[in-house]
Amino acid sequence: MNHATKTGAAGAGPCGLLLALSSGLLAFERVAVIGLMGLVSFLILLNVVTRYTGTPIYWIDESAIYAVVWLSFIGASAMTRLRLDFSVGMLTERLPPLGVKVARAIATAFTVLFGLMLSYMCWLWMDPVGIAAAGFDAKTFAGESFNFFYTEHTQTLNWPTWAISLVIPLFAVSITIHGLANLAEDLEFVPRRIYRGFPMANAEAAS
């Protein structure tokens, strides 16, 4: 379900496609956040019950931790698009309307820059070209590059850490997309969208 409505006519061209991509990504993040919140609640309740009955399950703690990690990154990405991230208004509230627009655009541009830099760091960290050149053999790759990222596993679940860490590059890409969408709106290339499926995105609901 698309929860976005627009304040004006849809922008055509690259900006319109960018907003459509951001809206689709946000819709997926909404479902993911709801699912992960349910999963975390279930794992915590299951942990309480099993400990109370004297039969604790040793891998639940680690599962809950990683679920919260994924929830935090995905939720932070969605909050960026909804403009619910932290901001300081001591300066901008004293600026004229044009100054507020400029300051908002600059802040959004820094969000895009952060996403791009994080994406580049993830590229260096995970080195997809290097692991592909090693024939996707983690031990060979580690021996040649001294990068043991693909050989490590979690303590109790014994899952590969690279699979758990995928949320970081996914977050980097999504926050870049959302940041570009916000920047297009701040520069008034396209009308600003209002997302009905997120009540907290409205100032009245958040107050």
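Going by the structure above, here's the rest.
Because the structure is a prediction, the values reported are computed rather than measured.

1. Concerning the overall build of the protein chain
- A tally of helices and strands in the protein chain yields eight helices and two strands.
- In sequence order, the secondary structure elements of the protein chain are arranged as β-α-α-α-α-α-α-α-β-α.
- Of the contacts made within the protein chain by residues no fewer than 6 positions apart, 73% connect residues no fewer than 24 positions apart.
- Element-wise, carbon and sulfur atoms account for 71% of the exposed surface of the protein chain, whose accessible area totals about 12,800 Å².

2. With respect to the packing of helix α2 (residues 60-81) against helix α7 (residues 167-186)
- Running from amino to carboxyl end, α2 crosses α7 at an angle of 10°, the nearest separation of the two axes being 8 Å. It follows from the interaxial angle that α2 and α7 lie roughly parallel. Touching V69, W70, F73, A76, S77, T80 and R81 of α2 are V167, I168, L170, F171, S174, I175, H178, A181, N182 and E185, all from α7.

3. Structural notes on the packing of aromatic side chains
- For the coordinates displayed, the defined rule picks out five aromatic pairs.
- Ring centres of W125 and F149 lie 4.6 Å apart, and the angle between their planes is 55°; on these two criteria the pair is classed as tilted. Here F149 lies in the loop between α5 (138-145) and α6 (161-165) and W125 lies in helix α3 (residues 97-126), a separation of 24 residues in the sequence.
- Overall, W125 belongs to the partly exposed group, its relative accessible area being 32%.
- When the ring of F149 is compared with that of Y150, the centres are 5.0 Å apart and the planes differ by 80°; the resulting orientation is edge-to-face.

4. Focus on the environment of M117
- Within the secondary structure, M117 sits in helix α3.
- Note: C-alpha distance between M117 and T176 (59 residues apart in sequence) is 9.7 Å.

5. Looking at the packing of helix α1 (residues 14-52) against α2
- It is the contact of α1 with α2, at a shortest axis distance of 8 Å, that shows an interaxial angle of 155°. If you check the angle between α1 and α2, you find them roughly antiparallel. Classified by chirality, the crossing of α2 by α1 is left-handed.
- Taken together, the residues that form the contact of α1 with α2 break down as 18 nonpolar, six polar and four charged.

The rules behind each value
- Residues numbered from 1 in each chain as written.
- Predicted model: local features only at pLDDT ≥ 70, side-chain atom pairs only at ≥ 80, totals over all residues.
- Heavy atoms only, no water.
- Helix = DSSP H or I, 4+ residues; strand = E, 2+ residues; numbered from the N terminus.
- Contact = heavy atoms within 4.5 Å.
- Areas by Shrake-Rupley, 256 points an atom, 1.4 Å probe, with all protein chains shown as cover.
- Axes fitted to C-alpha atoms, helices over the stretch in contact; angles between N-to-C directions.
- Parallel < 35°, antiparallel > 145°, perpendicular 65-115°, else oblique.
- Phe/Tyr/Trp six-rings, centres within 6.5 Å; stacked < 30°, edge-to-face > 60°.
- Buried < 20%, exposed > 50% of the residue type's maximum accessible area, 1.4 Å probe, protein only.
- Left-handed = near helix turned anticlockwise from the far one by under 90°.
- Nonpolar A, V, L, I, M, F, W, Y, C, P; charged D, E, K, R; others polar.

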